[in-house]
Amino acid sequence: MNARTYIGIFAAASLALAGCGQKSAGDKQLVVGYSQIGAESGWRQANTASIQSEAEKRGITLKFSDAQQKQENQIKALRSFVAQKVDIIMFSPVVESGWNPVMQEIKTAGIPVIVADRRPDVDPSMYVTLIGSDFVEEGRRAAEWLAKKTNGKARIAELQGTVGSAPALDRAKGFREVMARYPGMKIVISQTGNFTRTEGKIAMEAFLKNPQGRSANVLFAHNDDMALGAIQAIEEAGIKPGTDIIIVSIDGVKDAFQAMVDGKLNCTVECNPIIGPQLFDAVEAVVANQPLPKRIEVKEGVYDQSVAKSVIDSRQY
Ligand code: AHR
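Worth saying up front: this structure is predicted, and the values here are computed from it rather than measured.

**Q** Could you give an account of the overall build of the protein, with specific residues and numbers?
**A** In terms of helices and strands, the protein carries 12 helices and 12 strands. Its C-alpha atoms give the protein a radius of gyration of 21 Å, near enough to 20 Å, the size a compact globule of 317 residues would have. If one aligns the C-alpha atoms of the protein with their principal axes, the spans along those axes are about 75 × 40 × 35 Å. Expressed as a percentage of its 317 residues, the buried residues of the protein come to 55%. Partitioning the contacts of the protein with sequence separation of at least 6, the portion at a separation of at least 24 is 74%. As presented, the protein carries roughly 13,400 Å² of accessible surface, and 51% of it is formed by carbon and sulfur atoms. Taken as two groups, the 37 positive and 36 negative side-chain charges of the protein have centres that lie 2 Å from each other.

**Q** Describe the sheet that holds strand S12 (residues 302–304), with residues and values.
**A** Pairing within the open sheet is mixed, and its six strands lie in the order S7-S6-S8-S9-S10-S12. The outermost strands of the open sheet, each flanked by one partner alone, are strand S7 (185–192) and S12. Pairwise comparison of adjacent strand axes, ignoring direction, gives a mean angle of 20 degrees for this sheet. Judged from the seven bridges that link them, strand S6 (residues 154–160) and S7 form a sheet pairing that is parallel. When the sheet's bridge partners are listed, leucine 159 is paired in S7 with glutamine 191.

**Q** Requested: an account of the packing of helix H9 (residues 224–236) against helix H10 (residues 254–261), with residues and values cited.
**A** Close contact between H9 and H10 brings their axes to 9 Å; oriented N to C, the two are set at 45 degrees. With respect to each other, H9 and H10 are oriented oblique. Regarding H9 and H10, the two cross each other, and that crossing is left-handed. On H10, the residues touching Asp224, Leu228 and Ile231 of H9 are Asp255, Ala256 and Ala259.

**Q** So what's going on with the site of the ligand? Which residues, and what values?
**A** Taken together, the neighbourhood of the ligand is formed by Glu40, Ser41, Trp43, Arg44, Asp117, Arg118, Phe135, Pro167, Arg171, Phe195, Asn223 and Asp251. With respect to the ligand, the side chain of serine 41 contributes an N or O atom lying 3.1 Å from an oxygen atom. Take arginine 118: an N or O atom from its side chain is 2.8 Å from an oxygen atom of the ligand. When the free accessible area of the ligand is taken as 280 Å², the share hidden by the protein chains comes to 100%. The set of elements that each furnish at least two residues to the shell around the ligand consists of helix H2 (42–57) and helix H6 (166–179).

**Q** I'd like a rundown of the side chain of aspartate 225, residues and numbers included.
**A** With respect to the element layout, aspartate 225 can be found in helix H9. A distance of 2.9 Å separates a polar atom in the side chain of aspartate 225 from the backbone nitrogen of glycine 42. Contact partners of aspartate 225, with chain neighbours within four places excluded, come to Ser41, Gly42, Trp43, Phe195, Thr196 and Arg197.

**Q** How would you summarise the sheet that holds strand S3 (residues 88–91) if you had to cite specific residues and measurements?
**A** Spatially, S2-S1-S3-S4-S5-S11 is the arrangement adopted by the six strands of the open sheet, whose pairing is parallel. For this open sheet the edge positions go to strand S2 (61–66) and strand S11 (295–297), each flanked by a neighbour on one side alone. Taking each pair of neighbouring strands and ignoring which way they run, the sheet shows an average axis angle of 20 degrees. Relative to S3, strand S1 (residues 31–36) is paired through four bridges, and the arrangement is parallel. Each residue of the ladder has a partner; that of glycine 33, found in S3, is isoleucine 89. Here helix H3 (residues 71–83) sits on the sheet and contacts S1, S2 and S3; the angle it forms with S1, its principal contact strand, is near 170 degrees.

**Q** I'd like to hear about the nonpolar core, residue by residue, with values.
**A** The tendency in soluble globular proteins is for nonpolar side chains to be buried side by side. Core analysis: the biggest nonpolar cluster contains 55 residues, and Leu146, Ile156 and Met204 have the highest contact counts within it. If you tally residues by element for this core, the top one is H9, at seven residues. When sequence neighbours within four positions are dropped, the list of residues in contact with leucine 146 reads Ile156, Phe175, Met185, Val218, Ile246 and Val248.

Thresholds, definitions, all that
Residues numbered from 1 in each chain as written. Predicted model: local features only at pLDDT ≥ 70, side-chain atom pairs only at ≥ 80, totals over all residues. Heavy atoms only, no water. Helix = DSSP H or I, 4+ residues; strand = E, 2+ residues; numbered from the N terminus. Rg over C-alpha atoms; globule rule 2.2 N^0.38 Å. Buried < 20%, exposed > 50% of the residue type's maximum accessible area, 1.4 Å probe, protein only. Contact = heavy atoms within 4.5 Å. Areas by Shrake-Rupley, 256 points an atom, 1.4 Å probe, with all protein chains shown as cover. Lys, Arg positive; Asp, Glu negative; His and termini not counted. Charge placed at Lys NZ, Arg CZ, Asp CG, Glu CD. Pairing = 2+ DSSP bridges. Axes fitted to C-alpha atoms, helices over the stretch in contact; angles between N-to-C directions. Parallel < 35°, antiparallel > 145°, perpendicular 65-115°, else oblique. Left-handed = near helix turned anticlockwise from the far one by under 90°. Near = heavy atom within 4 Å. Polar contact = N/O pair within 3.5 Å; in protein donor to acceptor, adjacent residues only side chain to side chain. Core = buried A, V, L, I, M, F, W, Y, C linked by side-chain atoms within 4.5 Å.

Structure, rendered in structure tokens:
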């Protein structure tokens, strides 16, 4: 039985029960299982807060599990949601591959799946919808901004996100796609910082000890937290972030805006984590047997130092 069939049966059963004057599936407290990646970044913490507060607002029981950035923990959580017979499963897959067996088990159990934020490498019939950002476009936007800022001439150090994750793969792809139009833009060194501030700092320290890394005049970080860690490493090395090294990153967290106000970060491309309302709208649509598009994208912008001061107070995360 696939998710669509399940939803049809789910709705039909609800109506039949309601007709008999019994408690319908629509009347009972809805239970949603959510497997979150972890708390690796300011973005993720804002994302979790948005999901938890939205569930509470709508009176939906949320079984929330934090995987501490480990796929095996996410798979365990998904299996436990199946065992608990939750009504709907949501998850944000830490990496793209390795989900087929557990997704098959969920499908066999007839539980609809809503994917949040990151894409899993499975047949799209395994889930109802994927709600999240266009990571390729974010990578393109970072490169477009940089090309303008540097007149298409840059020696770039790149801090990549978690290896094998959709945002790391897509941001790298979008960035390189635009870079290909500018022969003067070159990536001279690239390493993962796993989307965390600590690992971003360690990777930047390693860059600064490497002749290629030291030759870079630009840093492209796949998220703000890694950029903020790198800024610490750059300052400790006696170099001026935002001046000696131009820095562009992705997310748009408040700390990144503060770093722009302080002149240490040059640009952040927004990746909006406040998707709780959209996710739970989708949950309610599934329960009401309403159709949903396979892909729902989140709207986002680009912010640099020129607007940071006027925008910082209105940032939600
Ligand atoms: O999947 C979204 C990415 O994950 C965010 O850019 C990053 O900060 C987070 O850890």
